[in-house]
Amino acid sequence: MIDECDDVQFRLHGNLGRITLNRAASLNALTLDMVRALDARLALWAQDDSVSAILIDGSGRAFCAGGDVRALAEASPGDPVTADFYRFEYTLNHRIFTYSKPYISFLDGVVMGGGAGISVHGSHRVATEATLFAMPETAIGFFPDVGGSYFLPRLPGRIGLYLGLTGIRLGPADAMYCGLATHCIPRARWDTVVEALAGESSIQGIDRVLAAAAEDPGPCTLADDRAAIDRCFSLDSVAGIVAELRAEDGEWAREALARLSAASPFSLLVTHRLLREKFDSSEGHEAVFAAAMRREYRVSQRLVAGDDFREGVRAMLVDKDRKPQWFLRRIEDVREVDVNACFESLGEDELNLRD
């Protein structure tokens, strides 16, 4: 079967279709086989009347740390895996966004990149005291994909652009504040919550179970810095944001500036354009999301083939010296024409999503 994969466990638990990512040594980073298995099983359970809701979690100390980008960076030029991985991953993101049943993610531990793509688009996102959320792609010469161009601009104020450009990490309170998480439940209560969910067959029942187990996640730092974040990240260019941050007093601004200084300049400008472009929403949310995923696929195929992606993965994930030598060293060296080229049509290779 296409959805057979040792790195993902599927089982029925009462009314729940349960999924556990089972690649703990790699922080449950997604491989192509895992993505294909997830998509196939979700398609099957969508048609199964005995399954009322989906519940997904991860083994070990992470929910999911993203896609297995090391394998993609090490692929030979022309290897179809770089096209296939993103095509299947974005198709999976789209399935979750349009899923007809409640989709509950237990965000215990690390949630980064591709981990956001298999959680944020679902109906319920449960943080714990250990949740650590980030979209750190600019640090490896990539961009916040998996629907990031849809959900990040919809966060309050300029928080989405702040997260997407800097890759800053959020704890549970901050994830709740900006809407990335819908509930915060201590991990010690989770087994009891799962048993209760397994007996529910309606969205109202699921809401009641999660609300009853939820607790206040504690103080939120984003709220304290919100006005300054909105001001600094409202600028029309990355250069303008950097200049504003240099004039800003505060630890959050110093950390943001350090992260921007370490990131790929080309990725920063691509991300800035990606997260500031608007789609016509007159056709509805599903059409807007599909258009966002098609655009992200275009950008993914340009950046994954670039020097910065391979260098970023080397520096951050392979050699781990954290000293990437970017192809362009300064944001002033990035040409607008080259950024624009990332968004051009792929012709016959465009991403085709099902209706």
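Predicted model, so just to flag it, every value in this text is computed and none were measured. (Residues numbered from 1 in each chain as written. Predicted model: local features only at pLDDT ≥ 70, side-chain atom pairs only at ≥ 80, totals over all residues. Heavy atoms only, no water.)

## Some details on the packing of aromatic side chains
Okay, step 1: Under the defined criterion, the tally for this structure stands at 13 aromatic pairs.
Okay, step 2: Measuring from centroid to centroid gives 6.3 Å for Y90 and Y297, while their planes differ by 85 degrees, and the two rings are edge-to-face. Taken as a pair, Y90 in helix 3 (residues 81-97) and Y297 in helix 14 (residues 285-303) lie far apart in primary sequence, 207 residues in all.
Okay, step 3: A connected cluster of aromatic rings, assembled from ring pairs, spans F85, Y86, Y90, F142, F143, Y297 and F309.
Okay, step 4: The ring of Y150 carries R154 above its face, with NZ or CZ at 3.8 Å from the centroid. (Phe/Tyr/Trp six-rings, centres within 6.5 Å; stacked < 30°, edge-to-face > 60°. Helix = DSSP H or I, 4+ residues; strand = E, 2+ residues; numbered from the N terminus. Lys NZ or Arg CZ within 6 Å of the ring centre and 35° of its normal.)

## Quick notes on the side chain of E89
Okay, step 1: By secondary structure assignment, the location of E89 is in helix 3.
Okay, step 2: Although E89 is buried, it makes no salt bridge; R23 carries the closest opposite charge, 11 Å away.
Okay, step 3: In contact with E89, not counting residues within four places along its chain, are L30, V35, G114, D145 and V146. (Buried < 20%, exposed > 50% of the residue type's maximum accessible area, 1.4 Å probe, protein only. Lys, Arg positive; Asp, Glu negative; His and termini not counted. Salt bridge = Lys/Arg side-chain N within 4 Å of Asp/Glu carboxyl O. Contact = heavy atoms within 4.5 Å.)

## Comments concerning the sheet that holds strand 5 (residues 103-107)
Okay, step 1: One open sheet accounts for 6 strands, arranged 1-2-3-5-7-9; its pairing is mixed. Bordering the open sheet on either side are strand 1 (8-13) and strand 9 (183-184), each of which pairs with just one other strand.
Okay, step 2: Sheet topology note: the strand 3 (residues 53-58)/strand 5 ladder contains 3 bridges and is parallel. Residue pairing across strands places I54 opposite Y103, the latter belonging to strand 5.
Okay, step 3: This element, helix 1 (residues 32-46), spans strand 1, strand 2 (16-21), strand 3 and strand 5 of the sheet and lies at about 20 degrees to strand 1. (Pairing = 2+ DSSP bridges. Axes fitted to C-alpha atoms, helices over the stretch in contact; angles between N-to-C directions.)

## Concerning the sheet that holds strand 4 (residues 62-64)
Okay, step 1: Sheet architecture is open: 3 strands sit in the order 4-6-8, paired in parallel fashion. Since the sheet does not close on itself, it has two edges, and those belong to strand 4 and strand 8 (132-134), each with one partner. Here the average twist between neighbouring strands, direction ignored, is 15 degrees.

## Focus: unusual backbone geometry
Okay, step 1: A positive phi angle, close to 60 degrees, is found at N28, a residue other than glycine.
Okay, step 2: Turning to its location among the elements, N28 is positioned in the loop between strand 2 and helix 1.
Okay, step 3: A relative accessible area of 0% means that N28 is categorised as buried.
Okay, step 4: Even without a glycine there, the phi angle at K320 is positive, about 55 degrees.
Okay, step 5: With respect to the helices, strands and loops of the structure, K320 is situated in the loop between helix 15 (307-318) and helix 16 (336-341).

## Let's talk about the environment of D33
Okay, step 1: Counting through the fold element by element, D33 comes out in helix 1.
Okay, step 2: Considered as a pair, D33 and F88 are 55 residues apart in the sequence and their alpha carbons are 9.6 Å apart.

## Focus: helix 11 (residues 238-246)
Three or four residues apart is the spacing at which side chains of an α-helix point the same way, because the helix has 3.6 residues per turn.
Okay, step 1: Within the span of helix 11, buried status applies to V238, G240, I241, V242 and L245.
Okay, step 2: In this structure, the buried residues of helix 11 make contact with helix 6 (159-166), helix 10 (221-232), helix 12 (251-262) and helix 13 (265-276).

## Some words on the side chain of R295
Okay, step 1: With respect to the helices, strands and loops of the structure, R295 is situated in helix 14.
Okay, step 2: Separated by 3.2 Å, the side chain of R295 and the backbone oxygen of L274 make a polar contact. (Polar contact = N/O pair within 3.5 Å; in protein donor to acceptor, adjacent residues only side chain to side chain.)

## Details of the packing of helix 1 against helix 3
Okay, step 1: As a packed pair, helix 1 and helix 3 sit with axes 9 Å apart at the nearest point and diverge in direction by 30 degrees. With respect to each other, helix 1 and helix 3 are oriented roughly parallel. Judged by the twist between their axes, the crossing of helix 1 over helix 3 is left-handed. For the pair helix 1 and helix 3, contact is made by L32, V35, R36, L38, D39, L42 and A43 and by V81, D84, F85, F88, E89, T91, L92, R95 and I96, respectively.
Okay, step 2: Broken down by class, the residue content of the contact of helix 1 with helix 3 amounts to 10 nonpolar, 1 polar and 5 charged. (Parallel < 35°, antiparallel > 145°, perpendicular 65-115°, else oblique. Left-handed = near helix turned anticlockwise from the far one by under 90°. Nonpolar A, V, L, I, M, F, W, Y, C, P; charged D, E, K, R; others polar.)

## Observations regarding the packing of helix 11 against helix 12
Two measures define how a pair of helices packs: the angle their axes make with one another and the distance between the axes.
Okay, step 1: Running from N to C, helix 11 and helix 12 point in directions that differ by 145 degrees, and their axes come no closer than 9 Å. Our pair here, helix 11 against helix 12, has a crossing hand that is left-handed. Counting all contacts with helix 11, which are made through I241, V242, L245 and R246, the residues of helix 12 involved are W252, A253, A256, L257 and L260.
Okay, step 2: Here the residues of the contact of helix 11 with helix 12 sort into 8 nonpolar, no polar and 1 charged.

## Regarding the pairing of strand 5
Okay, step 1: The buried count for strand 5 comes to 5 of 5 residues, which makes it a mostly enclosed element.
Okay, step 2: Burial along strand 5 is two-sided: Y103, S105 and L107 facing one way and I104 and F106 facing the other are all buried.

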